[in-house]
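One letter stands for each residue in the lines below.
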Amino acid sequence: PTLQEKDFVHCIDVGGYIGVITLMMSKKLQKQNKLWAVHTFEPFDESFKKLEENVNLDRYKSNINLNKIAVSDTQGFSTLSTYKKTPGMNHLYDDNLSNDKKVDNYQKVKTITLSEYMTKNNIDNVSICKIDTEGKDISVIKGLHAYLDAQVIDYFIFEYQDLSYSEINRILIANHYTIYPMVRNKNSLVNSLDNYPKNSKPLLNCIAVSSKKKNEFIKLFRIE
């Protein structure tokens, strides 16, 4: 049978760095009998160059859309704080970190919101949106605007940060998502921060599940 547009699967990788998660998404999607695309965002010049090199090695590179731009809650320009020895820690400028002496340089970058990008590209459903922006994940989520309320994104995977988690938690729960901390280096989840195993490595990532996918997700991972 001919694949229809409704079979199209979109995945988003915000903070693509050099493409590790993007290529993992590609590898997984290649195995499905569906049309698909991965949309990756990486604003830093050096990281984006390496990202392009890595994606060009993928035989399905035409399915991967690379965007040299930062994702935030507003469209325009922002300042990227960069670290020469640890570029994976690059992040949009944060007043709370203005005294960070480890910053090596600052780079002016364009910003876009996911709502703007999704509207422009006629994306009405996203399977997974991974966000790793070193503390600015909340801005990415806020930039979804009406798409968040409509639960267009089935799953979010975002980085746990003490400073922003409570606000992310509040916004996602208000939009009918359920958040599960991911036990680090183990194939398991817990249903709250209080139940995170004390003998495990510190929490690194969480997954948020839309209400329409919640029952299916609970059964899959046998969450109590």
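Residues numbered from 1 in each chain as written. Predicted model: local features only at pLDDT ≥ 70, side-chain atom pairs only at ≥ 80, totals over all residues. Heavy atoms only, no water.

Trainee: For this particular structure, what's the right way to read the overall build of the protein?
Mentor: The helix and strand tally for the protein stands at 7 helices and 11 strands. Taking 224 residues into account, the globule formula puts the C-alpha radius of gyration at 17 Å, and the protein, at 17 Å, falls close to it. Projected onto its principal axes, the C-alpha coordinates of the protein cover approximately 50 × 45 × 30 Å. Across the 224 residues in the protein, those meeting the buried criterion constitute 45%. On the protein, roughly 13,000 Å² of surface is accessible, and the fraction owed to carbon and sulfur atoms is 49%. (Helix = DSSP H or I, 4+ residues; strand = E, 2+ residues; numbered from the N terminus. Rg over C-alpha atoms; globule rule 2.2 N^0.38 Å. Buried < 20%, exposed > 50% of the residue type's maximum accessible area, 1.4 Å probe, protein only. Areas by Shrake-Rupley, 256 points an atom, 1.4 Å probe, with all protein chains shown as cover.)

Trainee: What is the right way to look at the sheet that holds strand β1 (residues 9–14) in this model?
Mentor: As a general point, the strands of a sheet are linked pairwise by backbone hydrogen bonds and lie either parallel or antiparallel. If you walk across this open sheet you meet the 7 strands as β3-β2-β1-β8-β9-β11-β10, and the pairing is mixed. In this open sheet, the two strands that pair with only one neighbour each are β3 (64–67) and β10 (177–182). Recorded for the sheet is a direction-independent mean angle of 15° between the axes of neighbouring strands. Relative to strand β2 (residues 36–41), β1 runs parallel, the two sharing 6 bridges. Note that in β2 the partner of His10 across the bridge is Ala37. Where helix α2 (residues 45–55) meets the sheet, it contacts β2 and β3, and its direction lies at approximately 170° from that of β3. Contacting β9 (153–159), β10 and β11 (205–210), helix α7 (residues 211–221) runs over the sheet at an angle of about 115° to β11. (Pairing = 2+ DSSP bridges. Axes fitted to C-alpha atoms, helices over the stretch in contact; angles between N-to-C directions. Contact = heavy atoms within 4.5 Å.)

Trainee: Even after reading the chapter, I still don't get the pairing of β11, so can you show me in this structure?
Mentor: Of all the 6 residues making up β11, 5 are buried; the element is thus mostly covered by neighbouring parts of the structure. By the bridge criterion, 5 bridges tie β9 to β11 in an arrangement that is antiparallel. Bridge pairing links Glu159 to Asn205 in β11. By the bridge criterion, 6 bridges tie β10 to β11 in an arrangement that is antiparallel. Bridge pairing in β11 places Met182 opposite Asn205.

Trainee: I keep staring at the nonpolar core and nothing clicks. Help me out?
Mentor: Within soluble globular proteins, side chains that are nonpolar tend to cluster in buried spots. Ranked by internal contacts, the top residues of the largest apolar core, which has 35 residues, are Phe41, Leu114, Met118, Phe156, Phe158 and Leu172. No other element matches the 4 residues that helix α6 (residues 162–174) contributes to this core. Residues contacting Leu114, with those up to four places away along its chain left out, are Ile12, Val14, Phe41, Val71, Cys129, Val140, Gly143 and Leu144. Grouped together as the second largest cluster of nonpolar side chains are 10 residues, Leu29, Val38, Phe48 and Leu51 included. (Core = buried A, V, L, I, M, F, W, Y, C linked by side-chain atoms within 4.5 Å.)

Trainee: Honestly, the sheet that holds strand β4 (residues 70–71) in this entry has me stumped. Any pointers?
Mentor: Spatially, 4 strands are ordered β4-β7-β5-β6 in an open sheet, and the strand pairing comes out mixed. Edge strands, defined here as strands with exactly one partner in the open sheet, are β4 and β6 (91–92). Here 2 bridges tie strand β5 (residues 76–82) to β6, and the two strands are oriented antiparallel to one another. Residue pairing in the sheet places Leu80 in a bridge with Leu92 of β6.

Trainee: Hey, could you run me through unusual backbone geometry in this one?
Mentor: Across residues other than glycine, the phi torsion is negative in most instances, and most of the peptide bonds are trans. Located in the positive-phi region is Asn122, a residue other than glycine, with phi close to 55°. With relative accessibility at 67%, the residue Asn122 sits in the exposed group. Of note, Asn185 is a non-glycine position whose phi angle comes to about 65°, a positive value. Look at Asn185 and you get exposed, because its relative accessible area is 62%.

Trainee: Is there a simple way to think about α2 in this case?
Mentor: An α-helical turn contains 3.6 residues, so a residue and the one three or four places further along point in the same direction. Listing the buried residues of α2 in full gives Ser47, Phe48, Leu51, Asn54 and Val55. Taken down its axis, α2 places every buried residue within 125° of arc, on the same side. The outward face of α2, more than 90 degrees from its buried face, is lined by the exposed residues Glu46 and Lys49. In this fold, the buried residues of α2 make contact with α1 (20–30), β2 and β3. (Arc of directions from axis to C-beta.)

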